[in-house]
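Structural characterization, general
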Amino acid sequence: MNIAFYGLGNMGASMAKNLVTAGHSVKVYDLVESQVDMLASFGATACASAIEAAVDADVIVSMLPAGKHVEALYFGSDTAPALHSVLPKGVLFVDCSTIESSTAKSIGEKLMLNGHSFVDAPVSGGVAGAAAGTLTFIVGGSDADFATAKPILEDMGKNIFHAGAIGAGQVAKICNNMLLAVLMAGTSEALQLGIDNGLDPKVMSEIMLQSSGRNWTLELYNPCPGVMDSVPSSNNYAGGFMVDLMNKDLSLAMSTANNHQSLVPMGSMAKSLFQLHSRSGNGKLDFSSIFTAFKAK
Ligand code: NAD
């Protein structure tokens, strides 16, 4: 396939590499020239503008910071023309960024009015998953567009889910991440309660793993340093999934909750905790560092 790929950051650079490895013809563009050059040395075609990358593309893939960047790329800005307007009709746009579901819906509507199609395909799995090609893609779009996107997504990921119509991918993704924030904060709180009362966190973790408090953070991502090897908590909370990115997802969860006045007291509490944690200077640490917020100072 001829693929135009936009956004060669922490996630996108590896994803674009995996598309090249899978044998696609990949044209790449990023605002940061050195990232474009890096991908060119890997076999992608470097482009000096977004429009240049789109020439002859069957599929557009974007992996950008937020909704406003996706809108500016697709529909133009003061400095760049609209991507969709220079393409022949019938191109599939696949946005893998994490953005508001309402923005994904309005992007899809506008693209369809212009004769194109769209799926939102946010990911779970982080930088390591992007590098290994094992990302989970959570897709929103029609059955036909999902079927077209799936083989391309399979070249960058392992599990490809169809969540529903356009925007559903974003909803499912932020529901999952809101739950993850709640579980991480709750697990940290419980572990520290045990430690404060003289218990060994390794013993506590083993007990809870075989009891009803068992959850993903205890199984694979223990937040207490020294309990588990090869996780961020045993590496000064370096690497992994940044507190600031969790805060971004929690903000999206709160705005999604507003759409239908959904009750999200646990998510909202988790958001306040992670926000305070970031304001205390921990924004660039892995999100499991929320454990340190429960420690007596
Ligand atoms: P990043 O900031 O590292 O990369 C974004 C890239 O987009 C940058 O290189 C930037 O220069 C480029 N860019 C911005 N506007 C552009 C434009 N108009 N045209 C071309 N390039 C443009 O971000 P990231 O960590 O790669 O995350 C990307 C998306 O994936 C975000 O929406 C994020 O929430 C989501 N995400 C990230 C992770 C993670 O662990 N990093 C995990 C899951 C999902």
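Structure report, in brief.

Each value, and the rule that gives it
Residues numbered from 1 in each chain as written. Predicted model: local features only at pLDDT ≥ 70, side-chain atom pairs only at ≥ 80, totals over all residues. Heavy atoms only, no water. Helix = DSSP H or I, 4+ residues; strand = E, 2+ residues; numbered from the N terminus. Rg over C-alpha atoms; globule rule 2.2 N^0.38 Å. Buried < 20%, exposed > 50% of the residue type's maximum accessible area, 1.4 Å probe, protein only. Contact = heavy atoms within 4.5 Å. Areas by Shrake-Rupley, 256 points an atom, 1.4 Å probe, with all protein chains shown as cover. Lys, Arg positive; Asp, Glu negative; His and termini not counted. Charge placed at Lys NZ, Arg CZ, Asp CG, Glu CD. Near = heavy atom within 4 Å. Polar contact = N/O pair within 3.5 Å; in protein donor to acceptor, adjacent residues only side chain to side chain. Nonpolar A, V, L, I, M, F, W, Y, C, P; charged D, E, K, R; others polar. Core = buried A, V, L, I, M, F, W, Y, C linked by side-chain atoms within 4.5 Å. Axes fitted to C-alpha atoms, helices over the stretch in contact; angles between N-to-C directions. Left-handed = near helix turned anticlockwise from the far one by under 90°.

Concerning the overall build of the protein
Of the regular secondary structure elements, the protein holds 12 helices and 9 strands. For 297 residues, the compact-globule formula gives about 19 Å, and the C-alpha radius of gyration of the protein, at 20 Å, lands near that figure. Expressed as lengths along the three principal axes of its C-alpha atoms, the size of the protein is roughly 65 × 45 × 35 Å. Burial analysis of the protein (297 residues in total) assigns 48% to the buried set. Taking contacts inside the protein between residues at least 6 apart in sequence as the whole, the part at least 24 apart equals 62%. Of the roughly 13,800 Å² of accessible surface on the protein, a fraction of 56% belongs to carbon and sulfur atoms. Mean positive and mean negative side-chain charge positions of the protein (17 and 25 charges, respectively) differ by 5 Å.

Here we look at the site of the ligand
The environment of the ligand is made up of 21 residues, and the closest members are N10, M11, D30, L64 and K248. The backbone of L64 places a nitrogen or oxygen atom 2.9 Å from an oxygen atom of the ligand. Within the complex, 85% of the 840 Å² of free accessible area of the ligand lies under protein. Of all the secondary structure elements, the ones that give two or more residues to the shell around the ligand are α6 (126-132) and α11 (243-259). Split into classes, the residues belonging to the shell around the ligand amount to 12 nonpolar, 6 polar and 3 charged.

Here we look at the nonpolar core
Grouped together as the largest cluster of nonpolar side chains are 33 residues, with contacts concentrated most on F5, M15, V28, V94, C96, F137 and L153. For this core, the secondary-structure elements that each account for two or more residues are β1 (2-6), α1 (12-21), β2 (25-29), α2 (33-40), β4 (59-62), β5 (92-95), β8 (135-140) and α7 (143-154). With 5 residues, the top contributor of residues to this core is α1. What C96 contacts, discounting residues up to four positions off in sequence, is M15, V61, S62, M63, A121, P122, V123 and F137. Formed by 24 residues, the second largest nonpolar core is a distinct cluster that contains V70, I107, F118 and I166.

Focus on the environment of V127
For V127, the location among the structural elements is in helix α6. Each C-alpha atom, one on V127 and one on G43, is 21 Å from the other, the two residues being 84 residues apart in sequence. Not counting chain neighbours up to four residues away, the residues in contact with V127 comprise N10 and M11.

Focus: the packing of α11 against helix α12 (residues 265-282)
Orientation of α11 relative to α12, taken along the N-to-C sense of each, is 150°, at an axis distance of 9 Å. Handedness of the α11/α12 crossing: left-handed. Contacts between α11 and α12 involve V243, D244, M246, N247, L250, S251 and M254 from the first element and G267, S268, A270, K271, F274, Q275, H277, S278 and N282 from the second. Considering only residue class, the contact of α11 with α12 consists of 6 nonpolar, 8 polar and 2 charged.

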